[in-house]
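As a plain string of letters, each chain reads:
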Amino acid sequence: MPTKVLIIEHCDSEAKNIERRLSILGFVVDGVYQSAKAALQSPRESHPDVILLDVDEEAASDLSSIRNRVERHWECPVVFTTTESAPSPQEPTSDSNYD
């Protein structure tokens, strides 16, 4: 039986992209929501095996609380995702010692 994934992603185009990629890889998308709040307010019709939760700037300060509420609601693990680019690593300084 394929793994069922619930997507919580604030950007509609990114959610569709993630859904398409998961489908190609053989996963079943069990639902798509634009926010954790919307997902938590919906009837618990889906039964995902895992949840992909987008980390947006608005919710970044409350990630632990959001994760706990989402995990309790669906009783499955939550994986944080982001489409934001990470800053590039800094070049080592000349006084860095990696020996």
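See above for the structure.
Remember, predicted model here, so these are calculated numbers, not experimental data.

In terms of regular secondary structure, the protein is built from three helices and four strands. In sequence order, the secondary structure elements of the protein are arranged as β-α-β-α-β-α-β. Here the protein holds 99 residues, and the buried ones make up 27% of them. Sequence-distant contacts in the protein: of pairs separated by 6 or more residues, those separated by 24 or more amount to 71%. By element, 50% of the accessible surface of the protein is carried by carbon and sulfur atoms, the whole surface being about 7,000 Å².

Turning next to unusual backbone geometry. Despite not being glycine, Glu 75 has its phi angle at roughly 55°, a positive value. In this fold, Glu 75 is placed in the loop between helix 3 (63-74) and strand 4 (78-81).

The buried fraction of strand 1 (residues 4-8) amounts to four of the five residues, a majority that puts the element mostly inside the structure. With five bridges connecting them, strand 1 and strand 2 (residues 28-33) associate as parallel partners. Across the sheet, Ile 7 pairs through a bridge with Val 32, a residue of strand 2. Here strand 1 runs beside strand 3 (residues 50-54); their pairing, made up of four bridges, is parallel. Note that in strand 3 the partner of Val 5 across the bridge is Val 50.

In this section: the sheet that holds strand 4. Hydrogen bonds between backbone groups are what pair the strands of a sheet, and the pairing can be parallel or antiparallel. The four strands lie next to each other as 2-1-3-4, forming an open sheet whose pairing is parallel. Where the open sheet ends on each side, the last strands, each with one partner, are strand 2 and strand 4. For this sheet, the mean angle separating the axes of adjacent strands, direction not counted, is 20°. In this fold helix 3 packs onto strand 1, strand 2, strand 3 and strand 4, with an angle of close to 140° to the strand it touches most, strand 4.

Conventions and cut-offs
- Residues numbered from 1 in each chain as written.
- Predicted model: local features only at pLDDT ≥ 70, side-chain atom pairs only at ≥ 80, totals over all residues.
- Heavy atoms only, no water.
- Helix = DSSP H or I, 4+ residues; strand = E, 2+ residues; numbered from the N terminus.
- Buried < 20%, exposed > 50% of the residue type's maximum accessible area, 1.4 Å probe, protein only.
- Contact = heavy atoms within 4.5 Å.
- Areas by Shrake-Rupley, 256 points an atom, 1.4 Å probe, with all protein chains shown as cover.
- Pairing = 2+ DSSP bridges.
- Axes fitted to C-alpha atoms, helices over the stretch in contact; angles between N-to-C directions.

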